[in-house]
Amino acid sequence: MEKHCYIISYDLCQPERDYTGLYQAIKAYGYWGKLTESTWAVVTHENPVEIRSHLQQYLDGNDRLI
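Along each chain, numbering runs from 1 in the same order as the chain's sequence is written. Per-residue local features of the predicted model are confined to residues with pLDDT of at least 70, and side-chain atom pairs are confined, for both listing and counting, to 80 or more; whole-chain, interface and lining totals are unaffected and use all residues. Calculation of side-chain values draws on the structure's entire complement of heavy atoms; hydrogens and water are dropped beforehand.

**Looking at the nonpolar core**
Residues enter a nonpolar core if they are buried and are Ala, Val, Leu, Ile, Met, Phe, Trp, Tyr or Cys, with the set joined through side-chain atoms within 4.5 Å. Per-residue accessibility, obtained with a 1.4 Å probe over protein chains only, is compared with the maximum for each type, and a residue is labelled buried under 20%, exposed over 50%, and partly exposed between these values. Core analysis: the largest hydrophobic core is formed by 14 residues, its most contacted members being Tyr10, Leu22, Ile26 and Leu55. Setting aside residues no more than four positions away along its own chain, tyrosine 10 makes contact with Leu22, Tyr23, Ile26, Glu37, Ser38, Trp40, Arg64 and Leu65. Contacts were defined at the residue level, with two residues in contact if any of their heavy atoms lie within 4.5 Å.

**Regarding the pairing of strand β1 (residues 4-11)**
For two strands to be treated as a pair, DSSP must find at least two bridges joining them. What counts as a helix is a DSSP run of H or I of at least four residues, what counts as a strand is a run of E of at least two, and both are numbered from the N terminus. Pairing geometry for β1 and strand β3 (residues 39-44), over six bridges, is antiparallel. Its bridge partner being in β3, serine 9 is matched across the sheet by threonine 39. In terms of strand pairing, β1 meets strand β4 (residues 64-65) through two bridges, oriented antiparallel. Across the sheet, residue tyrosine 10 finds its bridge partner in β4, namely leucine 65.

Next up, the structure:
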C-alpha cells in the first residue's frame, strides 16, 4: 500500500492539560517530524479521515485538528 506525507496541525485550548497521549499517537506513525509547536508531518498509508478519527480521541471537544 502506498504511503503519503500528511501535515497535522492543531489548536489545543487547554494548555495545562496533559496531551502526552496525542503526541505519542502522532509518533506512533513511525515516520514523523515536528515542524512547529503545533504542526507535525507524518508518513502513513492511512487516509486523512482515518488519521483524524484516530487522533480525535486524544483531544477535547473544543480543540481543533486540521
